[in-house]
Amino acid sequence: MNIIRTIRAMTSWSERLRRESVIIGFVPTMGALHDGHRALIQAARRRCDALVVSIFVNQAQFGPREDLTRYPRPIAKDRALCREEGVDVCFEPTADVMYPEGFQTVVTLPEIARRWEGEARPHHFPGVATVVTKLFGMVRPHLALFGQKDYQQAALVRQLVKDLNLGVEIEVRPTVREADGLAMSSRNVYLNADERMVAPWLSRALRTGKQAIEGGMKDGAAIERSMRKAIEQAPAIHVEYLAVCNPDSLEPLSSVTHRAVILGAIRIGSIRLIDNLLVNAPARKSRARR
Ligand code: AMP
């Protein structure tokens, strides 16, 4: 496996392969790799001839009071996972390679990034949109894979690629979970034993909402109330939002008639967790014609 740190080396590697019609897959990450990342890497491996994983803790997507300095950086372990999964290039740009002196341009966000994570973390999506655009320019992949775990991020990336004609196919893969339902996340290592015990309540609340929809409940506000009631049973959880939304626009649904995405964010102590579930409303029974 190649470890590449400069833009010039990364781009010339990709350009050479592109000239030979090799299909390049790309999985951007912030490292601290877990089985969710592994599943993305494996899916990319199946679809591509050559595979790049980037590991870059992007300071631009952290707010001033967020966890940038303590974000886990187990680089030797991450490289070992990449080697194990047959990754061809581990791209590890440094902060000054990514944001050199004089860097100025920031990507403006689409409407889809306004609510939810956009509201809770105003620095986050501008940083994500900018770094993804830059990484695509450096890695020049044909295909890039993202996790449904960060549903709004994936939606933002799709829109970005479409609006700015970035020419990269985007594939979104399902969320990988722990046995008790907790969505895997690099931030789960921050949870102490008590916090870890209550963390799966987020996914339980989302499942309550999903079951309500599948059982025929349509009223968005009532579904949200049923989720809040479920999660109230758990101690020490502060709900930031639990929302039933249109899966394309991410606007809240007053009535769920087709597909929906249920988005959730909670805080347990100082740790913030997000999760989501896609749901299909039951098909309406067609009335027999008389
Ligand atoms: P991160 O390292 O947190 O920036 O995540 C890198 C990529 O992995 C993003 O596309 C995430 O959505 C994806 N990812 C993170 N956690 C999971 C998970 N539990 N299941 C699937 N994909 C995930």
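It should be emphasised that the depicted structure is a prediction, and the values quoted were computed from it without experimental measurement.

Draft legend 1. View of the nonpolar core. The biggest cluster of nonpolar side chains holds 46 residues, and the ones touching the most others in it are W13, V52, F91 and F136. In terms of residue count, the dominant contributor to this core is helix 6 (residues 124–139) (9 residues). For this core, the two domains that each supply at least three residues are domain 1 (2–173) and domain 2 (186–280). Core analysis: the second largest hydrophobic core is formed by 33 residues, A205, A260, I266 and I268 among them.

Draft legend 2. View of the pairing of strand 3 (residues 50–55). For strand 3, the buried fraction is high: 6 of the 6 residues fall into the buried class. Here strand 3 shows a buried face lined by A50, V52 and S54 and a second buried face lined by L51, V53 and I55. Note that strand 2 (residues 24–29) and strand 3 share 6 bridges and pair parallel. Opposite F26, over in strand 3, you have V52 as the bridge partner. Traced from strand 2 through helix 2 (residues 35–47) to strand 3, the parallel crossover comes out right-handed. Here strand 3 pairs with strand 4 (residues 89–91) via 3 bridges, running parallel. When the sheet's bridge partners are listed, V53 is paired in strand 4 with C90. Remark: the strand 3/helix 3 (residues 75–84)/strand 4 crossover connection has right-handed handedness.

Definitions and cut-offs
- Residues numbered from 1 in each chain as written.
- Predicted model: local features only at pLDDT ≥ 70, side-chain atom pairs only at ≥ 80, totals over all residues.
- Heavy atoms only, no water.
- Core = buried A, V, L, I, M, F, W, Y, C linked by side-chain atoms within 4.5 Å.
- Buried < 20%, exposed > 50% of the residue type's maximum accessible area, 1.4 Å probe, protein only.
- Helix = DSSP H or I, 4+ residues; strand = E, 2+ residues; numbered from the N terminus.
- Domains from an automatic or database assignment.
- Pairing = 2+ DSSP bridges.
- Right-handed = clockwise from strand over helix to strand, strands pointing away.

Worth remembering: the numbers are spatial, not functional.
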